[in-house]
Amino acid sequence: MEDFEQMLNESSGEIIEISTSQPNAEMPEWRSDVPGVIPVMPLRGAVLFPGTVAPLTIERAASRQLLEELLPNGRLLGLATQKNADLDVPGSQDIYHIGVLGNVLRMMKQDDGDMLVLIQVVERIRLTKFTSEKPYLKARFEILENKFPKENAVWKATLKNLRESAERFIELNPGIPDEATQALGAIDSPSILTDFLATNLSLDIVQKQALLEQTHVGKRAEKVQAVLNNQLHIAELQQKLRADVEDEFSDAQRRAYLREQLRAIQRELGEGDGSEEQSEDLRDRLDAAQLPKTAMEAAERELKRLDIIPPASPEHSVIVSYLETMAELPWSKLSDDNEDLKRAAEILDRDHFSLEKVKRRLLEYLAVRKLNPDGRGPILCLLGPPGVGKTSLGRSIAEALGREFARIAVGGLRDESEIRGHRRTYIGSMPGRLIQEIRRAGTRNPVLMLDEVDKIGNDFRGDPASALLEVLDPRQNHDFTDRYLDVPFDLSQVIFISTANTIDPIPAPLRDRMEIISLPGYTEEEKVEIASRYLVKRQLKENGLKVRHCRWSKAAIRLVIEDYTREAGVRNLEREIGSVCRSVAAKVAVDDATAIKVTPEFVEEVLGAPKYARETKSHTSHPGVVNGLAYTPVGGEVLNIEAIRYAGKGNIKLTGQIGDVMKESMQAAWSLVRQNAEKLGVENEDFGKYDVHVHVPAGAVPKDGPSAGCAMYTALASLFADRPVNKDIAMTGEINLRGDVLPIGGLKEKALGALQAGVKTILVPELNMKDVPDIPESARKKLKILPMKTVDEVLKAVLV
């Protein structure tokens, strides 16, 4: 009411005086003067209750016309709430038919044409029949009488509880003025009390309209009490939260005051040098990093030490470095995983040709992580020769998951502190490589690649491989403690992927924690495709060439593979392709119109004479000369095994850089030939009359392994039986002293090597026939693969 009076005083608009005689709700005789039809003003977004005085701003033209025609002769009008507040011209069906009877106390016209009115709400009414829709609503009505419950102890207790709840609610809400308590105490009528509370509680339009339509005061009191209890509970929670915040704020203020006093003392002593700002900055950064409780306690201890240690002290810089590291670590930052396996498959296919088994296993790994994100997945170890794409596979996994990628080259690592970190006992100490890379990645769940784990060393400074046991164990790394941090850091969300060239140097406990995924290397056909699809395009771009400047033929690529590289991967192949592209670039730089087709002849002109000569099959059939098959890190090859005999005393000589395992295979073959002398038609005395020399070219290349046993037996048997070996057949297989042919590894690579050397038929152990499907179908069609069970079957197949 006071606000309305203030608006009247401040406004320059026209004030319309209204008759001062007012209907009195306590005197029934006033109702005899109430007209049968009253104008009805729709209310937008508000419900009014009897017993209240409401100021209203009138903006709609129809409502302004209603007031202008009503005043100054009459003052009573109906007020009903719109069902849809967005309607500008509501009809009789667009308003609630239960409303209130209002008495206009005062009205003022503003300069902009709007009106301000003060209305006393008198009674509940029901609009029974609308007599007019235009220019504004008019309707017949009936007054709704309140129904009261019986006066008893329950009703009195209900009213008392309602009043006390309201007083408590006012007490808990600092935004409600103190006058509300006085107004509440002045209300004696239960009906006015319930309507007063319904007006002032935070309810939506539908809830308020329901209370307005309820004429039974007892039921209305129950509904208001239920709403009041709910809002009282919320108010109590809000007060508790405010109190907690005030307590924390007060404590923070106390700390800030004491800290400021300490700074003032330091300034008086001449020790103030700006380090306070540094401490505050570190404290803010630590709060923003959301450290775990244990780590925050350690950081708080160091902050307290920092405040009392002079900046000139060496210990000061050590503490600052430690706190900066703690603040920069991603204690609570996690990347969101992309679980789209179709997208992951597309990324792997885009970045890597072939390697179907490897990609299938990686997709299975990602699928398990999608179905069980909290599971402890295996630590993958990508095993294969150099240049086959192990590191790039790790990058593709990170991209497929949408995670950051970090790489640690552990090859040659000898100091255990590189993994666990250095203790902060001297200046220059730092965290281990793991914590450093996670700090750079900026997230607690990157894909972390440990490159070349087979080349980790050890000496008096410790064994890094043993330090990795804790890191790579999913059951232990959730609280990995770096010596520099000296608090646990959770590594359980990190995806660890390691790489290695060979498995043997990796310690058994470390190997036990990893799942080995072998990348055997690429065949010649796969290398041709990789070069055509990826390497040539990349080298053209790196050397500033366009496709029109330099076009490669597949024959030229094949020549580079066969005569200028010898590797399982494609690293040297890309290097040689780059050499040819640079030669083209030198010509294009002189004349941009130059267009060169790279042919085998152009490759030889640029790269010179071939660097490698591939072993081929024997050109003629000789006793003692056999085509063996070997599996090397650069692929499969034909291994020519040559044996001769000459007069002597039964000694045997082995040459060609043969390893211990191959020497033992030779001894087994020699014993088996002597045992089978009768089958071979050889006199036992011949073994004592001759010395035997077995040579395995090329002499400069080390060789080892048991798979040449079958070829060595065949070479010795054909030598003493004086029967030539078919030059068009190659063989592989280990033997035992009973003459059985045992299984070997690398059948796919050996078969491809035989095909490249011109061999059309290969003899393999019968137990290796299960591996034949691994050989590319194009190669299987060109090769005749014969299974062998014993050495007798081998001799029957190859001796002419």
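Preceding block: the structure.
Conventions adopted
- Residues numbered from 1 in each chain as written.
- Predicted model: local features only at pLDDT ≥ 70, side-chain atom pairs only at ≥ 80, totals over all residues.
- Heavy atoms only, no water.
- Core = buried A, V, L, I, M, F, W, Y, C linked by side-chain atoms within 4.5 Å.
- Buried < 20%, exposed > 50% of the residue type's maximum accessible area, 1.4 Å probe, protein only.
- Axes fitted to C-alpha atoms, helices over the stretch in contact; angles between N-to-C directions.
- Helix = DSSP H or I, 4+ residues; strand = E, 2+ residues; numbered from the N terminus.
- Parallel < 35°, antiparallel > 145°, perpendicular 65-115°, else oblique.
- Left-handed = near helix turned anticlockwise from the far one by under 90°.
- Contact = heavy atoms within 4.5 Å.
- Nonpolar A, V, L, I, M, F, W, Y, C, P; charged D, E, K, R; others polar.
- Salt bridge = Lys/Arg side-chain N within 4 Å of Asp/Glu carboxyl O.
- Pairing = 2+ DSSP bridges.
- Phe/Tyr/Trp six-rings, centres within 6.5 Å; stacked < 30°, edge-to-face > 60°.
- Lys NZ or Arg CZ within 6 Å of the ring centre and 35° of its normal.

## Structural notes on the nonpolar core
In this structure, Trp552 and Val603 are the most contacted members of the largest nonpolar core, which totals 53 residues. Listed in part, the 52 residues of the second largest apolar core include Ala298, Val320, Ile419 and Ile438.

## Regarding the packing of helix α11 (residues 341-351) against helix α13 (residues 390-401)
One can describe the packing of α11 onto α13 by two numbers: an axis separation of 9 Å at closest approach and a directional angle of 150°. In terms of axis orientation, α11 runs roughly antiparallel to α13. α11 and α13 meet at a crossing whose hand is right-handed. Together, Arg343, Ala344, Ile347, Leu348, Arg350 and Asp351 of α11 and Leu393, Ser396, Glu399 and Ala400 of α13 make up the contact between the two elements. For the contact of α11 with α13, the per-class residue count stands at 5 nonpolar, 1 polar and 4 charged.

## Here we look at the pattern of salt bridges
Evaluation of the coordinates by the stated rule reveals 39 salt bridges. A salt bridge links arginine 283 to glutamate 280, with the shortest nitrogen-to-oxygen separation between them at 3.6 Å. Here glutamate 280 and arginine 283 lie together in helix α8 (residues 275-289), a separation of 3 residues that amounts to about one turn. Taking relative accessible area as the criterion, arginine 283 reaches 12% and is therefore assigned buried. Residue class for glutamate 280 comes out partly exposed when judged on its relative accessible area of 24%. Through salt bridges with shared partners, a single network forms among Asp281, Arg285, Glu328 and Arg439.

## Considerations on the sheet that holds strand β14 (residues 514-518)
The strands that make up a sheet pair up through hydrogen bonds in the backbone, lying either parallel or antiparallel. Reading across the sheet, the 5 strands line up as β9-β10-β13-β8-β14 and stay open at both edges, with parallel pairing between neighbours. Looking at which strands have only one partner, the edges of the open sheet turn out to be β9 (405-409) and β14. Direction aside, neighbouring strands of the sheet carry axes that sit 25° apart on average. Pairing between β9 and strand β10 (residues 447-451): 5 bridges, direction parallel. Looking across to β10, one finds that alanine 406 is bridged to leucine 448.

## Focus on the packing of aromatic side chains
Evaluated as defined, the whole model comprises 5 aromatic pairs. These aromatic residues form a ring-pair network of at least three members: Trp670, Phe687 and Phe720. The ring of tyrosine 96 has lysine 83 sitting right over it, with the charged end atom 6.0 Å from the ring centre. A cation over an aromatic ring shows up here: arginine 424 above the ring of tyrosine 322, its NZ or CZ 3.9 Å from the ring centre.

## Things to note about the packing of α11 against helix α12 (residues 356-371)
The interhelical angle for the contact between α11 and α12, taken along N-to-C directions, is 150°, at an axis separation of 10 Å. It follows from the interaxial angle that α11 and α12 lie roughly antiparallel. Crossing angle aside, the handedness with which α11 passes α12 is right-handed. Within the contact between the two elements, α11 uses Leu341, Ala344, Ala345, Leu348 and Asp349 and α12 uses Lys359, Leu362, Leu363, Leu366 and Ala367. Tallied by class, residues from the contact of α11 with α12 come to 8 nonpolar, no polar and 2 charged.

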